[in-house]
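A structural walkthrough
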Amino acid sequence: RHCRRRPQNSPVATPPAPVPTVLPPPATARGNDGDDDDDVSDNNTEGELFHPHVQATDKQAMLITILSAMKSWSIYRGGGVCCPLHHHVDRLRRITKELKATPCNQGFRPFEFWQCDECGIMATSSSDRRNTISGTCSICMMGTIKPVPS
């Protein structure tokens, strides 16, 4: 599916290098795992934003924050998985499937108080998502976290 899976009886490889904060372009054909939501090539630009006074968050910023969340998980190592990254992605897919099955929640909203003016990531405060040394957004390293106009 992603990369070659190692046989279950083979030794565990040495730990991989850390996941970069800037991701390479996605591989073209990875195959379909049964989900019909596999095309994440672009941000969805249809409809309206949940908060009309902000810009849409870049796909790259979404990927980086998902990677960051996965790095905070302590999960059991599964057999036959090619690497820790894809094992975490498989776990994320299963968790997402569970979230899709939950009842609708019309009250769910993204953070609405602060946003990076470059990548569009939302934040709970001016210090959330901000690099404490440079003052720039800790996700894209270029923008500034600014208050959302009301």
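Overview of the structure. Everything quoted here is computed from the prediction, not taken from an experiment.

Analysis parameters
- Residues numbered from 1 in each chain as written.
- Predicted model: local features only at pLDDT ≥ 70, side-chain atom pairs only at ≥ 80, totals over all residues.
- Heavy atoms only, no water.
- Helix = DSSP H or I, 4+ residues; strand = E, 2+ residues; numbered from the N terminus.
- Buried < 20%, exposed > 50% of the residue type's maximum accessible area, 1.4 Å probe, protein only.
- Contact = heavy atoms within 4.5 Å.
- Salt bridge = Lys/Arg side-chain N within 4 Å of Asp/Glu carboxyl O.
- Expected span 1.5 Å × (residues − 1).
- Pairing = 2+ DSSP bridges.
- Axes fitted to C-alpha atoms, helices over the stretch in contact; angles between N-to-C directions.
- Parallel < 35°, antiparallel > 145°, perpendicular 65-115°, else oblique.
- Nonpolar A, V, L, I, M, F, W, Y, C, P; charged D, E, K, R; others polar.

**Structural notes on the overall build of the chain**
- Summing up its helical and strand segments, the chain has two helices and three strands in all.
- Mapped from its N terminus to its C terminus, the chain presents α and β elements in the order α-α-β-β-β.
- In the chain, buried positions account for 21% of the 150 residues.
- Look at the contacts in the chain between residues 6 or more apart in sequence, and 56% of them connect residues 24 or more apart.

**As for the pattern of salt bridges**
- On inspection of all chains with the given rule, the structure shows two salt bridges.
- Linking Asp90 and Arg93 is a salt bridge whose minimum nitrogen-to-oxygen distance equals 2.6 Å. Highlighted residues: Asp90 and Arg93, both in helix α2 (residues 84-100), separated by three residues, approximately one helical turn.
- The class for Asp90 is buried, based on a relative accessible area of 6%.
- Owing to a relative accessible area of 25%, Arg93 belongs among the partly exposed residues under this scheme.
- Note that Asp117 and Lys146 form a salt bridge whose closest N and O atoms lie 3.2 Å from each other.

**Concerning helix α1 (residues 59-71)**
- In this model α1 runs 18 Å from its N-terminal to its C-terminal C-alpha over 13 residues, within 8% of the 18 Å that 1.5 Å per residue would give.
- Residues of α1 that are buried in the fold lie against α2.

**Structural notes on the sheet that holds strand β2 (residues 122-123)**
- Spatial ordering of the open sheet is given by β2-β1-β3, a layout of three strands whose pairing is antiparallel. Here the strands that pair on one side only, and so sit at the sheet edges, are β2 and β3 (145-147).
- In this sheet, β2 lies alongside strand β1 (residues 114-116) in antiparallel orientation, the contact comprising two bridges. If you follow Gln115 over to β2, its bridge partner there is Met122.

**A few points about the packing of α1 against α2**
- For the pair α1 and α2, the least separation of the axes is 10 Å and the interaxial angle reads 100°. With respect to their mutual orientation, α1 and α2 come out roughly perpendicular. For the pair α1 and α2, the contacting residues are Ile66, Leu67 and Met70 in the first and Leu85, His88, Val89 and Leu92 in the second.
- Residue composition of the contact of α1 with α2, grouped by class: six nonpolar, one polar and no charged.

**Here's the deal with unusual backbone geometry**
- Residue Met141 is not a glycine yet carries a positive backbone phi of 60°.
- Looking at the element boundaries, Met141 is found in the loop between β2 and β3.
- Here Met141 falls in the partly exposed class, since its relative accessible area comes to 42%.

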